[in-house]
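Listed here are the chains, written in short residue letters.
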Amino acid sequence: MRGRAATAAAIVALGTAALAAAVPAPAAAAVREYWVAAVPVTWNIVPNQRDAIAGTTYAPALTVIPTVVYRRYTRGWRRPLPNAPRGSSNQNLIPGPLLRARVGDRILVHFKNRDFAFRRPHSMHFHGVRYRPSSDGAYLPGFSGRGADVRPGQTFTYRLDAVSDSAGVWPYHDHSPSMDESIAGGMWGFLSILRRHQRAPDREFEVVLAPMGQFQTIDGRAFVGNTPVFTSHVGQTVQWDVMAMGSEHHTFHVHGHRWVAADGTDHDTQTVGPAESFAIGWREQDPGTWLYHCHVEAHMMAGMIGIYRVRPRPR
Amino acid sequence: MRGRAATAAAIVALGTAALAAAVPAPAAAAVREYWVAAVPVTWNIVPNQRDAIAGTTYAPALTVIPTVVYRRYTRGWRRPLPNAPRGSSNQNLIPGPLLRARVGDRILVHFKNRDFAFRRPHSMHFHGVRYRPSSDGAYLPGFSGRGADVRPGQTFTYRLDAVSDSAGVWPYHDHSPSMDESIAGGMWGFLSILRRHQRAPDREFEVVLAPMGQFQTIDGRAFVGNTPVFTSHVGQTVQWDVMAMGSEHHTFHVHGHRWVAADGTDHDTQTVGPAESFAIGWREQDPGTWLYHCHVEAHMMAGMIGIYRVRPRPR
Amino acid sequence: MRGRAATAAAIVALGTAALAAAVPAPAAAAVREYWVAAVPVTWNIVPNQRDAIAGTTYAPALTVIPTVVYRRYTRGWRRPLPNAPRGSSNQNLIPGPLLRARVGDRILVHFKNRDFAFRRPHSMHFHGVRYRPSSDGAYLPGFSGRGADVRPGQTFTYRLDAVSDSAGVWPYHDHSPSMDESIAGGMWGFLSILRRHQRAPDREFEVVLAPMGQFQTIDGRAFVGNTPVFTSHVGQTVQWDVMAMGSEHHTFHVHGHRWVAADGTDHDTQTVGPAESFAIGWREQDPGTWLYHCHVEAHMMAGMIGIYRVRPRPR
C-alpha cells in the first residue's frame, strides 16, 4: 500500500536483532568474569537510509558517525565475541555486552581502553551493584583512582558484588573525563541480575533509548527497518530491559500488550529518564506484528520506533 | 482586587465544564458499541482571550485554529451526541468521547473519517485493551490494514476486549499516517474501564495535558476562565482521569488535596509523560475554590491551569 | 592528578554543608510555630568560580545574582536563625527553613515580606498538608485572599495541619503574582513530616534540583566544590529529601548506594519532576567519597553534581 509497501520485507530482513535469552544455570554463588574493551567503530544509525513510515530518506552523511563502543572479548581480550551471544542476530548493535549475573555473585569486569582513534580516557561505571570507591569508575579530581581515567592501551579490573538489592536490570556507562562525548556516542550497556532462584525469561530484549546525532535511537538505530526486530512465540516468557541515556525522558510503549509495573498496576506505557532502568515482561499470547516505540511524539518521529514479531505457538 | 477581580465571575461562567460521572449498572459482561467520527472544527484555545492571573490578553489570531477532533454520534452516525453526556456543561471540549466499559466487556468502536477539511487519513489506536493486530489502528507500511489508514468518507470498526488487566483509564488517539498533525491538533480521548464489581465514582473529571499552538492546554483550553471548571460537593467520591499527549512530561497538582498513588504513598503532584495515564481520587471533604495545574512552571505560565470548586455538603 | 588535583581539598572545604538531622522528641500532637521572612540576598551560584571536573572557570558576572529567599527568624522576626539549625555547616544555602513536624501537629507559619529590593508581592504555598483556602497562598484574581499576595512590609500567618496522609517530605514555594520570578530565584524549601511514632533519621540531607541563571543547581549551587558536601558515618541512618523546582524533570542518582523506592523495588536513580518530592534512605555501610548528581547529562554538566562523604564507624 501507498508505494511504500515494498519496503516491508526489507524492514524485517535488515533489522532482525532479537536477542535470545540465555538461561544461566541456577548455580551456587560464583565469580563471573567479563572481558570488555572500548573500541572505535564507524556506525550507521540508519543503514537503509529510510524512514519507512514517513516515506523520507536520509543521506549517509547524516547517518554515519565515527564513535567508540564497548565490545565483549574472550579471556585476555584475545578474540572478539558478540555482545549478544545467542539469538537470531549476527550483528552487534550499540549496547555493550549484556553482563549477566545472579544475586550472590562476584563480578569481575576486565576493561581495556582500545580507543586509539580519539585517544580519549574511558571507564566503566556500574549501577545497581555494590563496590568499593576504587571500582566506582567516576572521575573526580583528587579523589578518583585509575579506574576512572583509563588511558588508551591501559587496563583496569572492576570488582563488583551482586547483593540482595541488586536484582533487576541496570545501566553501566563511561564516567571518565570524556563521559560527555562517550555517552552521546554510545558507551553504555546493561547489567541483568537474577534473584537467587529466579528463572530466566525465554527471551530477553535490550532497549536503550538514547539520542545519537540528530536522531532518537533504540540501541543506536533509528526508524523501523533499522531498529532491532524483537521476536518471540506464543507461550514464551519475554522480558524487556529498558533504560535511557542522555538528557531526555521517554515513555516506552508496546502495542497490544500490558505489563504489571513495580507498583502493582497495569501499564502499557512507562516513563524512563536518563540512567533509570526497568525490566518488564509477560507470557506471550498475542501473535502478530506489533510496534514498540517511545511515545514522546518528537522522539518517535525522529526514529525511536521498532517492530516486535510474535509467532503462533509452534506445534 | 488588582483591577483583575472583575473577571472572577466570568472565569467560572465560561469555563464551567465539570463532567458528571455516570454510574453504569454493574451488569453482566456486555457488548458496548460507540459511534465516533473525526470531524473538522474551528477551535478557540483561549475563548475569553485572557490570561487572568498574569493580566495579559491574546488576539484571536493566536488562539483560534482549524483542527480535527473525535466526536460521538448516535448509532449509524445519524446525530451528534455530547462527548461528555451528563453534567453541568453543554459544551464539548477537545477530548473525544469518554469510552466507558467494565472488565469482561467487548467494545466495538465504529469509526468514520469525516475530515473533508484537510482530507487526511485518520485512525483510532487504543491503549489498555486487548485486540488483534487488525484493530491496532497504527500505520506500518506493508503490515497494517485498513483500520490504520481510514480515508475521508470511509469507516472502520475496531474490536476491543476489556480484559482483567484493562481496568483503569487509558488514552486513545490517531496513529494513522497523519498522526503527527492529528495529535498536535487534538485527536485523543480516554477509555475508562471499571473492574468487574467496582463502584463508579460520583464525579469523573477528564484532564488531558497537551500543547496546542503556542499554548499548554488542559482539554484544549488555556488559562483559568477557559480551562474546565470541575465541581463536586463534600461527601462525593471524585476521580481525576489524567493523561498527557505530545512530547513533554508534566506534573499534575491539585491544591489542598492529596491522593494515594499506585505505589501506596501519598502524593499531591505526580509526573505523567506522553500517553501515560492514571486515575486518582478521594472522598471530598475540603470545600472551597482550588487550583489544579501542571507544576512545570513554563507550562503553568503558558495556560495549563484551572479551577476546582467544592461546595459544602448539601442538606 | 591532571593538574586539577590541587582543588580536592578546596572542594570539600568550601562545600561542606551537611545538614545534621534533629531527632524531635516523639511528643504528643503540638502546635509548631515558625517565623519566616522573604529577604533579598546577593547570591553566588559558583563561589569558587570553577567547574573542577571539566577544568573550566566562570567569571563572577555570570555566577552572582541578586535574588530573594526564605529565611528563618526567632519569634516576632527579631533575629535571623540558620535555616539548617544543627550540623557541620555555618552557611545558609538557598532552600528556605526546613519546616519539621509530626502527623497530628498544627503548624503555624508566620510570614513577613521583607523584599524591599524588588518590592514584589510574595507568599508561601505548602504541599502535603491540609488547610483552608485562606491559607493556600496561591494567587487567583477574585478568589484568593491576603495570604496569596503579601506586599512588602506586610505579614500573614498560614495555618496548616499535618494529617495522616501528610507524612513525608513536601515542597513549599512562592505562589503569589511574582511566582514566576520567585521560583527562578530560589523561593522554595521543604516540609519534613514524620509519622506519629516514626524515628527521625540520624542525618537528613536537603536536595533541591533547580535551574538558576544558566546553571543547574543543587540548593542554589553548581559544580563540586560549591554544591553541598553531605556527610555521615557507617552505622548511621541517612535520609535524602529530594525535590525539583522549575520546568524540567531530573533523575537523582547516588553512587555506590541503592534504596527501596515507594513501589518496593530497588533503585539508585529516580525521576523527580517540578514540585514532586520524595524521601529515600538507608543505614550507611559503605565508607568513601561518593558522587551524587542528576543523571540528565546536560544538567550534570551544567553543575548539578556534588559530593557525599561517608566516614568509617567511629570507635
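Residues numbered from 1 in each chain as written. Chains lettered and ligands numbered in written order. Predicted model: local features only at pLDDT ≥ 70, side-chain atom pairs only at ≥ 80, totals over all residues. Heavy atoms only, no water.

1. Re the overall build of chain A
Within chain A, the regular secondary structure consists of 4 helices and 22 strands. Counting over 315 residues, chain A shows a buried share of 63%. By sequence separation, contacts in chain A at least 24 residues apart represent 76% of the contacts at least 6 residues apart. (Helix = DSSP H or I, 4+ residues; strand = E, 2+ residues; numbered from the N terminus. Buried < 20%, exposed > 50% of the residue type's maximum accessible area, 1.4 Å probe, protein only. Contact = heavy atoms within 4.5 Å.)

2. Observations regarding unusual backbone geometry
All names here are of chain B. Even without a glycine there, the phi angle at Q49 is positive, about 60 degrees. Looking at where Q49 falls in the secondary structure, it is placed in the loop between β1 (31-44) and β2 (50-51). On the accessibility criterion, Q49 (15% relative accessible area) is buried. Even without glycine at this site, W77 takes up a positive phi of about 55 degrees. The residue W77 is located in the loop between β4 (64-73) and β5 (80-81) in this model. Residue classification places W77 among the buried positions, given a relative accessible area of 13%.

3. As for the confidence of the model for chain A
Residues and elements named next belong to chain A. Averaged over every residue, the pLDDT of chain A is 91; the share at 70 or more is 89%. Low confidence marks residues 1-25, where pLDDT is under 50. Its contacts with residues over four positions away, or in another chain, come to 83 contacts. As a predicted assembly, this complex carries a pTM of 0.93 together with an ipTM value of 0.92. (pLDDT = per-residue confidence, 0-100.)

4. Some thoughts on the pattern of salt bridges
Throughout the structure, instances matching the rule amount to 21 salt bridges over all chains. Among the salt bridges present, the one from R151 of chain A reaches D149 of chain A, with a minimum N-O distance of 3.0 Å. Given a relative accessible area of 5%, D149 of chain A falls into the buried group. In this structure, D105 of chain B and R32 of chain B form a salt bridge, with 2.4 Å as the shortest nitrogen-oxygen distance. Remark: R32 of chain B occurs in strand β1 and D105 of chain B occurs in the loop between β6 (99-102) and β7 (106-113); sequence separation between them is 73 residues. On the basis of relative accessible area, D105 of chain B is assigned to the buried category, the value being 2%. (Salt bridge = Lys/Arg side-chain N within 4 Å of Asp/Glu carboxyl O.)

5. Observations concerning the interface of chain B and chain C
If you look at the interface, chain B gives 42 residues, while chain C gives 39 residues. For the pair chain B and chain C, the summed buried area comes to about 3100 Å², and 61% of that belongs to carbon and sulfur atoms. Along the contact surface separating chain B from chain C lie 2 salt bridges. Between R130 of chain C and D286 of chain B there is a salt bridge whose closest N-O contact spans 2.9 Å. Put simply, chain B and chain C have 19 residue pairs in polar contact (both at pLDDT 80 or more) between them. At the level of secondary structure, the elements contributing two or more residues to the side of chain B that touches chain C comprise α1 (7-15), β16 (250-254), β18 (266-267), β19 (269-272), β21 (288-294), α4 (297-301) and β22 (305-311) of chain B. (Buried area = accessible area lost by both parts, 1.4 Å probe. Polar contact = N/O pair within 3.5 Å; in protein donor to acceptor, adjacent residues only side chain to side chain.)

6. With respect to the relation of the copies chain B and chain C
The transformation that overlays chain B on chain C combines an axial shift of 0.0 Å with a rotation of 120 degrees, and the residual RMSD is 0.0 Å. Such values leave the two copies arranged in the relation of a three-fold axis. By C-alpha distance to the rotation axis, the residue of chain B lying nearest is D263 of chain B, at 2.7 Å. Of the residues that chain B buries at the interface, just 5% are likewise interface residues in chain C, meaning the two copies contact each other through different surfaces. (Least-squares fit on C-alpha atoms with pLDDT ≥ 70 in both.)

7. What about the environment of A167 of chain B?
Residues and elements named next belong to chain B. When you line up the elements, A167 lands in the loop between β9 (155-161) and β10 (168-173). The class of A167 is partly exposed, set by a relative accessible area of 22%. Those residues in contact with A167, other than ones at most four positions away along the chain, are V103, I193 and R195.

8. Here's the deal with the sheet that holds strand β15 (residues 237-244) of chain A
Residues and elements named next belong to chain A. The 4 strands lie next to each other as β13-β12-β15-β20, forming an open sheet whose pairing is mixed. Strands with a single pairing partner mark the edges of an open sheet, and in this sheet they are β13 (215-218) and β20 (277-283). When strand polarity is set aside, the average angle formed by the axes of neighbouring strands in this sheet is 20 degrees. Here β15 pairs with β20 via 7 bridges, running antiparallel. (Pairing = 2+ DSSP bridges. Axes fitted to C-alpha atoms, helices over the stretch in contact; angles between N-to-C directions.)

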